[in-house]
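# Structural characterization, general
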Amino acid sequence: MPAATRPKRSKRTLASLGSDAESSSVPRTTRNPTALYLNYLRIERGLSPNSLEAYERDIQKLELYISPTHRSLVRVSSSDLQTFLRELGEVGMARASIVRIISGLRGFYKFLLTEKIILNDPTENLDVKSIRRKLPDVLSIADIESILVLPDMTTNKGVRDRALLEFLYATGARASEVTGLRLSQLFLKDGLVKLFGKGSKERVVPIGRMARDAMDTYLSKVRPLFVRTGKRTDAVFLNQERGTALSRMSVWNLVKEYATAAKIAKHLSPHTFRHSFATHLIEGGADLRMVQEMLGHADISTTEIYTHVDRSYLQEVHRTFHPRG
């Protein structure tokens with residue numbers, strides 16, 4: 001039964017969800033709202049573990065998006081959600097996937113409203129029609145180079161950061177693929193790396209000389225210093241203090257740190273390096289099918305967005321340099 005039309009539940013059921021049965025005129029935020037909702041879906045709606053994981057992933061996407069603002073899910077506004085969904089379109093997510101996420105979030109916030117954990121439903125006035133798949137932000141080759149020269153190679157952090165940034169641009173890897181990268185996936189002598197994308201789909205991607213050199217330096221001279229006694233790991237990119245694999249948020253923050261230092265005004269994320277990787281390959285004449293394979297796209301229509309980026313780039317060049325542009 002949909003969350004919006006479900007009948008009022010008994011105190012016993014509320015207790016089984018780990019929630020207080022008492023009514024209140026102010027939001028109750030003492031419990032984990034995601035856990036409460038997932039318990040409701042599991043106990044009252046009888047959803048399968050796979051369905052529960054899908055709902056949780058979609059909520060976590062929003063949670064990751066708002067984490068830099070230090071706000072919780074119960075403090076999200078309609079404007080926050082509208083921007084979040086628009087940015088999902090900008091990074092190339094299929095419209096059907098975005099609609100699915102909207103549906104899941106509506107159920108989540110209707111549940112929180114019914115439980116008086118929030119006072120207003122931020123999904124109520126979401127404008128789904130405004131969600132468009134926009135051309136992604138892409139860095140120029142000069143922008144990329146201005147970022148890659150910034151890490152201080154006299155420090156351990158700088159050596160690691162340079163290797164990570166070079167790897168992002170050389171392979172077009174997703175942030176999750178970078179944080180999940182293991183030593184056994186590297187074949188640097190052969191100039192190759194094995195990546196595991198969505199659904200653990202495997203692909204092998206070439207890695208160029210400059211990225212290989214940066215990786216070799218990091219792996220031989222710096223990574224061993226980051227490994228902590230009793231915390232051995234085969235993760236490639238490690239946190240300097242803890243010796244554990246870098247988190248996705250750490251990778252995001254690292255990219256933003258160097259973009260700011262390079263005075264690049266665009267909204268940058270690790271995905272921007274992926275977009276730039278694909279666009280620069282196509283601008284250089286690479287076959288679209290080969291780019292699709294390197295990006296790990298299941299459908300070539302997803303890769304075709306970069307042909308539009310390419311045309312946009314050509315139009316910009318024409319306007320800039322043609323005497324009557």
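From a predicted model like this one, the values you see are computed outputs, not experimental measurements. (Residues numbered from 1 in each chain as written. Predicted model: local features only at pLDDT ≥ 70, side-chain atom pairs only at ≥ 80, totals over all residues. Heavy atoms only, no water.)

### Some words on the overall build of the chain
For clarity, the threshold we go by: For the purposes of this entry, the term helix denotes a DSSP run of H or I that reaches at least four residues, the term strand denotes a run of E that reaches at least two, and both are numbered from the N terminus. We call a residue buried when its accessible area falls under 20% of the maximum for its residue type, exposed when it is over 50%, and partly exposed in between, using a 1.4 Å probe and counting protein chains only. The contact criterion used throughout is that any non-hydrogen atoms of two residues lie within 4.5 Å. Accessibility throughout is a Shrake-Rupley quantity obtained with a 1.4 Å probe, and a residue counts as covered only by protein chains that appear here.
The secondary structure content of the chain amounts to 14 helices and 3 strands. Residues counted as buried form 41% of the 325 residues belonging to the chain. Long-range pairs, those at least 24 residues apart, make up 59% of the contacts in the chain with a sequence separation of at least 6. Surface exposure of the chain reaches about 17,500 Å², of which carbon and sulfur atoms provide 52%.

### A closer look at the nonpolar core
Quick reminder of the rule: We define a nonpolar core as any set of buried Ala, Val, Leu, Ile, Met, Phe, Trp, Tyr and Cys residues linked to one another through side-chain atoms lying within 4.5 Å.
Core analysis: the largest hydrophobic core is formed by 46 residues, its most contacted members being F167, M215, Y218 and F237. Elements with a contribution of two residues or more to this core: helix 6 (141-148), helix 7 (156-171), strand 2 (192-196), helix 9 (209-226), helix 10 (248-261), helix 11 (270-283) and helix 12 (288-295). The element best represented in this core is helix 7, accounting for 7 residues. Once residues within four sequence positions are removed from consideration, Y218 is found in contact with V159, R160, A163, R223, P224, F226, V236, F237 and L238.

### Some remarks on a nonpolar patch on the surface
Operational definition: Without a salt bridge and with relative accessible area above 30%, a residue can belong to a patch; like charges are then joined within 9 Å and nonpolar side chains (Val, Leu, Ile, Met, Phe, Trp, Tyr) within 5 Å. Each salt bridge in this description consists of a side-chain nitrogen of Lys or Arg and a carboxyl oxygen of Asp or Glu lying within 4 Å of one another.
Judged by side-chain polarity, F187, L192 and V204 come together as a nonpolar surface patch covering roughly 220 Å² of accessible area. Tracing the sequence through the fold places V204 in strand 3 (residues 202-206).

### Regarding unusual backbone geometry
Positive phi, normally seen in glycine, also occurs at K116, with a value near 60 degrees. Considering the arrangement of structural elements, one finds K116 in the loop between helix 5 (95-114) and helix 6. The partly exposed category is assigned to K116, whose relative accessible area is 32%.

### Remarks on the pattern of salt bridges
Enumeration over the complete set of coordinates arrives at 12 salt bridges. R100 is the partner of D58 in a salt bridge, and the nearest nitrogen-oxygen pair spans 2.8 Å. Of this pair, D58 sits in helix 3 (residues 49-66) while R100 is found in helix 5, placing the two residues 42 residues apart along the sequence. A relative accessible area of 42% places R100 in the partly exposed class.

Purely spatial values, then, with no claim about function.
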